[in-house]
Amino acid sequence: MEFRIERSALTEAVSWAARVLPVRSPVPVLGGLLLDTEGGRLRVSGLDYEASARVDVEAAEVLRPGKVLVMGRRLLDICKVLPEGPVECAVEGSRFTVSGDGARFGLSVLPLDDYPALPSLPQVRGAVEAAEFAAAVADVAVAAGRDDTLPALTGIRLGLDGGTGTMTLAATDRYRFAVRTLPWKAAAGDESADVIVSARRLTEIARSLGRSGLVSVALDAGSAGFEHAGMRTTVRLLDGRLPRHDKLFALENPAVAVVDRARLVEAVKRVSVVADGDSPVQMAFSAADNSVHLHAGYEDDVASQRLPATLEGAREMTVAFNPGYLADALASFEQPSLRLLMMGAGQRAMITGEAASDAHRHLLMSVKPPLM
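Residues numbered from 1 in each chain as written. Predicted model: local features only at pLDDT ≥ 70, side-chain atom pairs only at ≥ 80, totals over all residues. Heavy atoms only, no water.

- The name given to the protein in an unreviewed UniProt entry is Beta sliding clamp, and the organism recorded there is Streptomyces arboris.
- Listed under Subunit (unreviewed entry) in UniProt, the entry text for the protein is "Forms a ring-shaped head-to-tail homodimer around DNA."
- According to the UniProt record, the Sequence similarities (unreviewed entry) comment for the protein reads "Belongs to the beta sliding clamp family." (UniProt positions renumbered as here; feature names shortened; annotations may be inferred.)

1. Re the overall build of the protein
- Along the protein, the regular secondary structure elements total 6 helices and 26 strands.
- With respect to the three principal axes, the spread of C-alpha positions in the protein is 80 × 50 × 35 Å.
- Expressed as a percentage of its 372 residues, the buried residues of the protein come to 51%.
- Here the protein displays about 17400 Å² of accessible surface, and carbon together with sulfur accounts for 49% of that area.
- For the protein, the centre of its 40 positive side-chain charges and the centre of its 47 negative side-chain charges are spaced 1 Å apart. (Helix = DSSP H or I, 4+ residues; strand = E, 2+ residues; numbered from the N terminus. Buried < 20%, exposed > 50% of the residue type's maximum accessible area, 1.4 Å probe, protein only. Areas by Shrake-Rupley, 256 points an atom, 1.4 Å probe, with all protein chains shown as cover. Lys, Arg positive; Asp, Glu negative; His and termini not counted. Charge placed at Lys NZ, Arg CZ, Asp CG, Glu CD.)

2. Details of helix α2 (residues 72–81)
- All of the buried residues in α2 are Gly-72, Leu-75, Leu-76, Ile-78 and Cys-79. For α2, the angular spread of buried residues about the axis comes to 160°, placing them on one side. Opposite the packed face of α2, turned more than 90 degrees from it, sit the exposed residues Arg-74, Lys-80 and Val-81.
- If you follow the buried residues of α2, they end up packed against α1 (7–18), β2 (32–38), β6 (66–71), β8 (95–100) and β9 (103–108). (Arc of directions from axis to C-beta. Contact = heavy atoms within 4.5 Å.)

3. Re the pattern of salt bridges
- By the definition in use, this model includes 22 salt bridges.
- The partner of Arg-180 in a salt bridge is Glu-132, with the nearest N and O atoms 3.9 Å apart. With a gap of 48 residues between them, Arg-180 in strand β13 (residues 176–183) and Glu-132 in helix α3 (residues 130–141) connect regions that are remote in the sequence.
- Taking relative accessible area as the criterion, Arg-180 reaches 14% and is therefore assigned buried. (Salt bridge = Lys/Arg side-chain N within 4 Å of Asp/Glu carboxyl O.)

4. Digging into the UniProt feature "domain: DNA polymerase III beta sliding clamp N-terminal" (unreviewed entry) in the protein
- As recorded in UniProt, the sites labelled "domain: DNA polymerase III beta sliding clamp N-terminal" (unreviewed entry) are residues 1–119.
- This span, residues 1–119, is 18% helix and 47% strand, and a straight line between its end C-alpha atoms measures 24 Å.

5. Brief notes about the nonpolar core
- Formed by 66 residues in total, the largest nonpolar core has its most connected members in Leu-35, Phe-96, Met-167, Leu-169 and Phe-226.
- With 7 residues, the top contributor of residues to this core is α3. (Core = buried A, V, L, I, M, F, W, Y, C linked by side-chain atoms within 4.5 Å.)

6. Remarks on helix α5 (residues 261–271)
- Restricting attention to buried positions, one finds in α5 the residues Leu-264, Ala-267, Val-268 and Val-271. Projected down its long axis, α5 shows its buried positions confined to an angular sector of 100°, all on one face.
- Contacts made by the buried residues of α5 are with β19 (255–260), β20 (281–286), β21 (291–298), β22 (301–312) and α6 (323–331).
- Where α5 begins, one side-chain oxygen reaches toward the backbone nitrogen of Ala-262, 3.2 Å away; that side chain belongs to Asp-260. (Polar contact = N/O pair within 3.5 Å; in protein donor to acceptor, adjacent residues only side chain to side chain.)

7. A word on the pairing of strand β7 (residues 86–92)
- Here strand β1 (residues 2–6) runs beside β7; their pairing, made up of 5 bridges, is antiparallel. Residue pairing in the sheet places Ile-5 in a bridge with Val-87 of β7.
- The sheet contact formed by β7 and β8 spans 5 bridges and is antiparallel. Counted as the bridge partner of Glu-92 is Arg-95 from β8.
- Remark: 2 residues form the turn of the hairpin made by β7 and β8, two consecutive strands paired antiparallel; Gly-93 in that turn has positive phi of roughly 65°. (Pairing = 2+ DSSP bridges.)

8. Here we look at the environment of Val-91
- Checked against the element boundaries, Val-91 lands in strand β7.
- Counting along the chain gives 105 residues from Val-91 to Ile-196, while the straight-line C-alpha distance between them is 41 Å.
- In this view, Val-91 contacts Met-1, Arg-64, Val-68 and Phe-96; residues no more than four positions away in its chain are not counted.

9. Some thoughts on the pairing of β9
- Note: β8 against β9, 6 bridges, orientation antiparallel. For Gly-100, the partnering residue across the bridge sits in β9 and is Ala-103.

10. A short note on the sheet that holds strand β26 (residues 360–365)
- In space, the 12 strands of this open sheet follow the order β15-β11-β12-β13-β26-β25-β24-β19-β22-β21-β20-β23, with antiparallel pairing throughout. Of all strands in the sheet, those bounded by a partner on one side alone are β15 (192–198) and β23 (316–321). The sheet shows a mean angle of 25° between the axes of neighbouring strands, taken without regard to direction.
- The pairing of β19 with strand β24 (residues 337–342) spans 6 bridges and is classified as antiparallel. Among the inter-strand pairings, Val-256 is bridged to a residue of β24, identified as Leu-341.
- Contacts between α5 and the sheet are confined to β19, β20, β21, β22 and β24, with β22 contributing the most and set at about 160° to the helix. (Axes fitted to C-alpha atoms, helices over the stretch in contact; angles between N-to-C directions.)

Written out as structure tokens, the structure reads:
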């Protein structure tokens, strides 16, 4: 094998494929990246037991086609320090060499025969806009659990409905529940699916697939796949199901407040500096003076701020939230104003955009307001 390629193109390809490599593995070859040159292009592939990644890039010149397996993270470290400009790569005996502008590196070659075959892409079910998909994943991922003893709660539900042309993403850790819907183009009108994908993996995938064009979405019984602009990745599905959000999100006769998002984000951040541990941030809404009073802390260590806010459905409403959960929820929105639908202290509360039909909804459990 021997080829020439621009340093930036090589670095981007290696960096993208190396995302799936395990940090530690009892199988040394799983720490490797497979480089394959044929037909004027370079293909870089990597995998572990949960995910795989493959990316194709144009090489400036393929002098000798072939394959080589080298330690992926070491190759990525080399790519990051290579001088800008063209890079020459070649297999010389049992060594893979990388050189450019006077710098030269050598890497040991790993045994190709021991490397597992990359999984194939599952059946393509349809496509979704890359930028909208990435934004939707980011919106719901904040609500995913972090406890690996409850694997399903560390995932994002990916629901596909070909009849309505709607993709639903949802995540919950039992204390909050985020849902986002977006349009998608089904490969066939009756395409439907309901699976759970690791929130961490799906977040990495969505961020890396680019910000324009269509992402192909592929699913089978055990894995999900995504393909965009020469990049292809698969990830193993999680077992189990998330709770359905339909009934949880059905709030009967809630009090509805509208408040400026940016000002509320800053106010929550400001008063939370005195909220020790998980002590809550209290929000007292008043229809009489069209305001919300935020309060946090106890005894002499307190902080407060009053903001303009409208309230309908009640004269007064006081709720309190875990400050971290509240901050995460607010940060996942971009609209100028937010609606808070509240049932009362210790009950469910929902945050949406100002439009009642907003596709992004975030449910939080209010806690009992503290005694000040």
